[in-house]
Amino acid sequence: AQSVTQLGSHVSVSEGALVLLRCNYSSSVPPYLFWYVQYPNQGLQLLLKYTTGATLVKGINGFEAEFKKSETSFHLTKPSAHMSDAAEYFCAVSDNNDMRFGAGTRLTVKP
Amino acid sequence: ETGVTQTPRHLVMGMTNKKSLKCEQHLGHNAMYWYKQSAKKPLELMFVYNFKEQTENNSVPSRFSPECPNSSHLFLHLHTLQPEDSALYLCASSQARVRQPQHFGDGTRLSIL
């Protein structure tokens, strides 16, 4: 069975600071990994995904994530936070038969 | 505009009412999903349809009844709900046979009185 753990239900950064949202997974097969963002009163929007190939994946809005098999991690980063990045972020893992979401991390950006 | 439209956006109903949630997509996708999103909990997959056929019912109580008349439309019929059913219900779609929802609607916020 697969599972996802997002470390930290809330993360707060200053505008312009580095954003780091942590995600660890477990999977018995090579996983597909995803990050979604949810703005208030909206559904989830796909930020980026890892399937195969290059382990550093670039997504929309300047976000990127790196698949580290040895650490079973897929942390999301952005070099410089913007006020518009304030949202809830969800990590997910899939083996094409099942998809599991993490509980989410709420990102707050302080001016 | 996400390509997946859900109506209504908000719904308040009593425990004895019957109502339906609607989801529509015109992205050419053949798989559609219902998810339940409760505060501080991971998204819970409820139902999956591939080419109008239900391929998964994730142990959902029978007071939730899905309907998929075609690949573009998905309904969730509700009756005799419980207070713990209050949540955000999200519809999603993707290419068929790949259990990875690609596009989500903005959800229906359901409150049970």
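Just above, that's the structure.
Residues numbered from 1 in each chain as written. Chains lettered and ligands numbered in written order. Predicted model: local features only at pLDDT ≥ 70, side-chain atom pairs only at ≥ 80, totals over all residues. Heavy atoms only, no water.

What follows deals with the sheet that holds strand β1 (residues 3–7) of chain A. Residue and element names in this part refer to chain A. Strands sit in the order β1-β3-β8-β7-β6 across an open sheet of 5 strands; the sheet is antiparallel. Two strands bound the open sheet, and with one partner strand each, they are β1 and β6 (56–58). With strand direction ignored, the average angle separating the axes of adjacent strands in the sheet is 20 degrees. Here β1 runs beside strand β3 (residues 19–26); their pairing, made up of 5 bridges, is antiparallel. The residue bridging Leu7 from the neighbouring strand is Arg22, located in β3. (Pairing = 2+ DSSP bridges. Helix = DSSP H or I, 4+ residues; strand = E, 2+ residues; numbered from the N terminus. Axes fitted to C-alpha atoms, helices over the stretch in contact; angles between N-to-C directions.)

Moving on, we come to the interface of chain B and chain A. Taken residue by residue, the interface counts 18 residues in chain B and 19 residues in chain A. Interface area for chain B against chain A, summed over the two sides, is near 1400 Å², with a carbon-plus-sulfur share of 48%. In this assembly, chain B and chain A are joined by 0 salt bridges. Our enumeration of links across chain B and chain A arrives at 4 residue pairs in polar contact (both at pLDDT 80 or more). Looking at the side of chain B that touches chain A, its residues break down into 8 nonpolar, 4 polar and 6 charged. (Contact = heavy atoms within 4.5 Å. Buried area = accessible area lost by both parts, 1.4 Å probe. Salt bridge = Lys/Arg side-chain N within 4 Å of Asp/Glu carboxyl O. Polar contact = N/O pair within 3.5 Å; in protein donor to acceptor, adjacent residues only side chain to side chain. Nonpolar A, V, L, I, M, F, W, Y, C, P; charged D, E, K, R; others polar.)

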